[in-house]
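In case you want the letters, here they are:
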Amino acid sequence: MTSVTEFDVQLPDGSQTSLAQYRGKVLLIVNTASQCGFTPQYQGLQTLYQQFEQQGLEILAFPCNQFGGQEPGDAATIGAFCETNYGISFPLFAKIDVNGEKTDPLFDYLKRKAPGILGTQAIKWNFTKFLVKRDGTVFNRYASATKPEELREDIQTLMSETPPNA
């Protein structure tokens, strides 16, 4: 695969959807958790989404329970938490694994295209972020401690690029 938009992912209800629907958009893909010290980043993500959605930004959140059991709920519980506490309006997908034998194929791809410090592929914690260009290629990986607002400049740079097939 040569583009993030070639992957299918699972929705909270268990059905599959294609990321092809996001072709031509800048994507911020994040593994999330509701009971993490970084959980307040949902607010920063929502702020970015409100600021840039009309210009073609999509934020795709993938809950993950692999780090300290910080996402124990089912899809309904996770969705309700995100809406009630942070007013999330960006897409929230099914809970996945981002490391190990059952790593979701999308995250396997993201980790290979944008390794972490010293070339490591493993995701270290919740709220690791991957910024994807309009052509579906991975632009950069950001650590959990990187606040969403710190990505604003990179997002603006990618938003200014001509969409593919424009």
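So, here is what we can say about the structure in this document. Keep in mind that what you see is a predicted model, and the values were worked out from it rather than measured.

What follows deals with the nonpolar core. In this structure, Leu-28, Tyr-42, Leu-57, Ile-59, Phe-90 and Ile-155 are the most contacted members of the largest nonpolar core, which totals 24 residues. For this core, the secondary-structure elements that each account for two or more residues are β3 (26-32), α1 (41-52), β4 (57-63), α2 (75-86) and α4 (152-159). For Leu-57, the contacting residues outside a window of four places in its chain are Val-26, Leu-28, Leu-48, Tyr-49, Phe-52, Ile-155 and Met-159. Judged by nonpolar contacts, the second largest core, of 23 residues, contains Val-4, Phe-62, Phe-130 and Val-138.

On to the layout of surface pockets, then. One water molecule sets the probe size; rolling that probe over the atoms shows where empty space is left. Within this model, the largest pocket holds a volume of roughly 180 Å³. Looking at the largest pocket, the residues that line it are Gly-116, Ile-117, Thr-120, Ala-122, Ile-123, Lys-124, Thr-128, Arg-141, Tyr-142, Ala-143 and Ser-144. The class makeup of the residues in the lining of the largest pocket is five nonpolar, four polar and two charged.

As enumerated under the stated definition, the model contains two salt bridges in all. Across the pair Lys-25 and Glu-58 runs a salt bridge, and its minimum N-O distance is 3.7 Å. With a gap of 33 residues between them, Lys-25 in the loop between β2 (16-18) and β3 and Glu-58 in strand β4 connect regions that are remote in the sequence. With relative accessibility at 26%, the residue Lys-25 sits in the partly exposed group. Among the ionic pairs, Arg-112 bridges to Asp-108, the shortest N-O distance being 3.5 Å. Residue Arg-112 and its partner Asp-108 are both found in helix α3 (residues 105-113); the two are separated by four residues, about one turn of the helix. Taking the relative accessible area as the measure of exposure, Arg-112 reaches 43% and is therefore partly exposed.

Rules behind the numbers
- Residues numbered from 1 in each chain as written.
- Predicted model: local features only at pLDDT ≥ 70, side-chain atom pairs only at ≥ 80, totals over all residues.
- Heavy atoms only, no water.
- Core = buried A, V, L, I, M, F, W, Y, C linked by side-chain atoms within 4.5 Å.
- Buried < 20%, exposed > 50% of the residue type's maximum accessible area, 1.4 Å probe, protein only.
- Helix = DSSP H or I, 4+ residues; strand = E, 2+ residues; numbered from the N terminus.
- Contact = heavy atoms within 4.5 Å.
- 1 Å grid on protein atoms, 1.4 Å probe; cavity = no way out; pocket = protein on both sides within 12 Å on 5 of 7 lines; lining within 4 Å.
- Points joined across faces, edges and corners; volume = space filled by probe spheres on them.
- Nonpolar A, V, L, I, M, F, W, Y, C, P; charged D, E, K, R; others polar.
- Salt bridge = Lys/Arg side-chain N within 4 Å of Asp/Glu carboxyl O.

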